[in-house]
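Structural characterization, general
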Amino acid sequence: MLRAIVPGVAAGSGGLPQWNCACPVCAAVRSGQAGAPQTQSSIVVSADGERWVLINASPDIRQQFAATPALHPRAVRHSPLSAVLVTNADVDHVAGLLSLREAQPFALYATRRVHSVLDANAIFNVVNREHVPRRPVQLNESMPILDAAGEATGICIETFTVPGKVALWLEDPNAERFGSVAEDTIGVAIRAEGSEARLFYLPGCADVPDSLKARFKPTDTVLFDGTTYTEHEMAEAGVGQKSASRMGHLVMSGPQGTIARLADVPLARRLFIHINNTNPVWLPDSEARREIARQGWDLAFDGMELTL
Ligand code: MLT
Ligand code: MN
Ligand code: ZN
């Protein structure tokens, strides 16, 4: 059995509400008219309810651990955290590593590319390799996640590259596709050892090629990049000029959006995660929210639990 908890469901650059934003959604959340505040995207998974694997270390990690009893220590110095996997090097997925620097053993998994980014940034040396071995994921292979000591956690993953781009803070304005390479962004299929039910987590994904569609089975639950509802909503909200595709994300709506692109793919459950604070789906009475529900999609939310 696979247990998953969603500590954070909001996109990077701020969570919900964002500290410096009073767009209609942030304002509605701040005034208590549109649901609870949400922290930045991550999930934790466990096969035994004892040892947990965190996927993406968000800047809100301290608050997320405090809000998640399964992650509380059970001894003077202890953590149920056995391993961390990061799916890209964006700030919202790696900054939380800096808060995990307390000589607590866990294993750190990422692509070789993302490891090279962390290795090149001396500040990440606070996550001491003596306690935290850094291990590359083997793309397109089922592999067990092991803890720092090399013991199996009971969690198996298969990672695969997805269309995306290099982390915002690593963009090279003079290079083609800002210097992005395939291993900059991965998706992950997670299962408990001995079980076939899979949870897909794709918090950053810029397209749905047939090769990605072919990975999904009708028994799979999918947590998919829900950054924006429309391509230009950030500009329309007056919060920035970047389109969804320029940021390496696929929109929810429209003929080329995620909902349409996955409509003919049978799935057990489809949920959005990594949702930006400009996205009108946050507003319970919005047309966008009604439309995603009509199309069979839900929003994940902070504290959501899934059992597969
Ligand atoms: C993204 O998903 O596009 C990034 O998290 C944005 C950011 O780092 O601010
Ligand atoms: Mn992000
Ligand atoms: Zn906002």
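Residues numbered from 1 in each chain as written. Chains lettered and ligands numbered in written order. Predicted model: local features only at pLDDT ≥ 70, side-chain atom pairs only at ≥ 80, totals over all residues. Heavy atoms only, no water.

1. Overview of the overall build of the protein chain
Just so we agree on the cut-off: In this description a helix means any DSSP run of H or I spanning at least four residues, a strand means any run of E spanning at least two, and both kinds are numbered starting from the N terminus. Put simply, the radius of gyration uses C-alpha atoms, and a globule should come to 2.2 Å times the residue count raised to 0.38. Only protein chains enter the accessibility calculation, which uses a 1.4 Å probe. A residue is then buried if its area is under 20% of the maximum for its type, exposed if over 50%, and partly exposed in between. Every accessible area reported is derived by Shrake-Rupley at a probe size of 1.4 Å, with residue values counting cover from the shown protein chains alone. We score Asp and Glu as negative and Lys and Arg as positive, and we do not count His or the chain ends. A charged residue contributes its charge at one atom only: NZ of Lys, CZ of Arg, CG of Asp or CD of Glu.
For the protein chain, the count of helices and strands is 8 helices and 14 strands. Expected size for 308 residues packed as a compact globule is a radius of gyration near 19 Å; at 18 Å, the protein chain falls within 12% of this value. Considered along the principal axes of its C-alpha atoms, the protein chain spans approximately 50 × 45 × 40 Å. In the protein chain, which comprises 308 residues, the proportion classed as buried is 53%. Carbon and sulfur atoms make up 52% of the accessible area of the protein chain, which totals about 13,000 Å². One way to put it: in the protein chain the 27 positive side-chain charges average out to a point 2 Å from where the 33 negative ones average out.

2. Remarks on the sheet that holds strand β9 (residues 186-192)
Basically, it comes down to this: For two strands to be treated as a pair, DSSP must find no fewer than two bridges joining them. A fitted line through C-alpha atoms represents every axis, and for helices the fit uses only the stretch in contact; the resulting angles, taken between N-to-C directions, go from 0 to 180 degrees. Note on definitions: a residue-residue contact is assigned when non-hydrogen atoms from the two residues lie within 4.5 Å.
An order of β7-β8-β9-β10-β11-β12-β13 is seen for the 7 strands of this open sheet, with the pairing classed as mixed. In the strand order of this sheet, the two ends are held by β7 (142-146) and β13 (297-299), each with one partner. Each strand of the sheet is rotated relative to its neighbour by a mean of 30°, with strand direction disregarded. Here helix α8 (residues 287-294) sits on the sheet in contact with β12 (269-273) and β13, set at roughly 130° to β13.

3. With respect to the site of ligand 1
Our working rule: Proximity criterion: a residue is near a molecule or strand once any of its heavy atoms comes within 4 Å of it. For the purposes of these results, a polar contact is taken to be a pair of N or O atoms within 3.5 Å, where, inside protein, one atom must be able to donate a hydrogen and its partner to accept one; residues adjacent in sequence count only when each atom of the pair is a side-chain atom. Think of a 1 Å grid over just the protein atoms. A cavity is a set of points where a 1.4 Å probe fits yet cannot get out, a pocket is an open set with protein on both sides within 12 Å along at least five of seven lines, and lining residues have an atom within 4 Å of a point. Occupancy of a cavity or pocket is assigned to a molecule whenever over half of its atoms lie within 2 Å of that pocket's grid points. Each residue receives one of three labels: charged for Asp, Glu, Lys and Arg, nonpolar for Ala, Val, Leu, Ile, Met, Phe, Trp, Tyr, Cys and Pro, and polar for the others, Gly being one of them.
Close to ligand 1 lie S13, D90, D92, L168, M247, H249 and H274. At a separation of 2.9 Å, an oxygen atom of ligand 1 approaches a polar side-chain atom of D92. In the environment of ligand 1, an oxygen atom lies 2.8 Å from a nitrogen or oxygen atom belonging to the side chain of H249. In the complex, 86% of the free accessible area of ligand 1, which totals 270 Å², lies under the protein chains. Using a 2 Å cut-off from the grid points, one finds that ligand 1 occupies the largest pocket. Here the shell around ligand 1 is composed, by residue class, of 2 nonpolar, 3 polar and 2 charged.

4. Considerations on the coordination of the zinc ion (ligand 3)
Perfect tetrahedral coordination of a metal by four donors corresponds to 109.5 degrees between them, and perfect octahedral coordination by six donors corresponds to 90 or 180 degrees. Rule in force here: Donor atoms: N, O and S within 2.8 Å of the metal, or within 3.2 Å for Na, K and Ca. Because water is excluded, sites can look incomplete. Angular criteria define each label, namely tetrahedral for four donors with all angles between 85 and 135 degrees, square planar for four and octahedral for six donors with opposite donors over 155 degrees apart and remaining angles between 65 and 115, and irregular for whatever fails these tests.
On the protein side, the zinc ion (ligand 3) has C21 (SG), C23 (SG), C26 (SG) and N277 (OD1) as donor atoms, found 2.3 to 2.7 Å from it. Considering all 4 donor atoms around the zinc ion (ligand 3), the spread of angles at the metal, 98 to 115°, places the coordination shape in the tetrahedral class. Taken in sequence order, the residues that donate to the zinc ion (ligand 3) follow the motif C-x1-C-x2-C-x250-N. Separated by 251 residues along the polypeptide, C26 in helix α1 (residues 24-30) and N277 in the loop between β12 and α8 bring together distant segments of the chain.

5. What about the sheet that holds strand β5 (residues 107-110)?
Adjacent strands of a sheet form backbone hydrogen bonds with each other and so pair up, either parallel or antiparallel. Strand order across the open sheet formed by 7 strands is β6-β5-β4-β3-β2-β1-β14, with mixed pairing between neighbours. With one partner strand each, in any of the chains shown, β6 (134-136) and β14 (304-307) form the two edges of the open sheet. Adjacent strand axes in the sheet meet at a mean angle of 25° when their direction is disregarded. Sheet topology places strand β1 (residues 3-8) next to β14; 4 bridges connect them, and they run antiparallel.

6. As for the pairing of strand β8 (residues 152-161)
Where a strand is regular, its side chains alternate between the two sheet faces. Of all 10 residues in β8, 7 are buried, a share of seventy percent or more. Direction of pairing for β7 relative to β8: antiparallel, over a ladder of 4 bridges. Paired with S142 across the bridge in β8 is E158. Taken together, β7 and the strand that follows it, β8, pair antiparallel across an intervening segment of 5 residues, in which G150 is found at a positive phi of about 90°. Both β8 and β9 contribute to a ladder of 7 bridges, which runs antiparallel. Counterpart to T161 in the pairing with β9 is I186.

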